[in-house]
Amino acid sequence: DGQWSTWAENGALVAEGGYQRGLEHGAWSYWHDDGSLAARGPWFRGVKEGEWTAWHSSGGIATSGTYIAGRQSGRWQSWTEDGHEASVMTYNLRE
């Protein structure tokens, strides 16, 4: 338990976040091979929960949305590498 960092063989940071009772818990961040931020969001007892954002390696936002109990919920948006909106989806947990 506690804060953990995962490193690639080349020394680059891959992931960083906390564990509680052996499960991902709290804020986590992930990085692309080139060192740029790839994704960030919270976990709750091993399940994605809350606002998550993923980035292209160029730095632009790739996707953004919310997880509830590990499932996509509500409005999710995605963008192309050059910043144009690619899609907007709305997820309903009842479906």
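Remember, predicted model here, so these are calculated numbers, not experimental data.

Rules of the game
- Residues numbered from 1 in each chain as written.
- Predicted model: local features only at pLDDT ≥ 70, side-chain atom pairs only at ≥ 80, totals over all residues.
- Heavy atoms only, no water.
- Helix = DSSP H or I, 4+ residues; strand = E, 2+ residues; numbered from the N terminus.
- Contact = heavy atoms within 4.5 Å.
- Areas by Shrake-Rupley, 256 points an atom, 1.4 Å probe, with all protein chains shown as cover.
- Lys, Arg positive; Asp, Glu negative; His and termini not counted.
- Charge placed at Lys NZ, Arg CZ, Asp CG, Glu CD.
- Core = buried A, V, L, I, M, F, W, Y, C linked by side-chain atoms within 4.5 Å.
- Buried < 20%, exposed > 50% of the residue type's maximum accessible area, 1.4 Å probe, protein only.

Helices and strands together make up the secondary structure of the chain, namely 0 helices and 9 strands. Walking the chain from its N terminus toward its C terminus, one meets helices and strands in the order β-β-β-β-β-β-β-β-β. By principal-axis analysis of the C-alpha atoms, the chain measures approximately 35 × 35 × 15 Å. When contacts within the chain are restricted to residue pairs at least 6 apart in sequence, those whose partners lie at least 24 apart make up 4%. Of the accessible surface of the chain, which amounts to about 6,200 Å², a share of 51% is contributed by carbon and sulfur atoms. Of the charged side chains in the chain, 7 are positive and 12 negative; the average position of the first set lies 13 Å away from that of the second.

This part is about the environment of Ser57. One can find Ser57 in the loop between strand 6 (50-55) and strand 7 (61-68). Considered as a pair, Ser57 and Gly11 are 46 residues apart in the sequence and their alpha carbons are 18 Å apart. Residues in contact with Ser57, not counting those within four places in the same chain, are His32, Asp34, Ser36 and Glu81.

A few words now on the nonpolar core. Of all hydrophobic cores here, the largest spans 6 residues; its members are Ala15, Trp28, Trp43, Trp52, Tyr67 and Trp76. Trp43 has contacts with Glu24, His25, Gly26, Trp28, Tyr30, Lys48, Glu49 and Trp52, leaving out every residue within four places of it along the chain.

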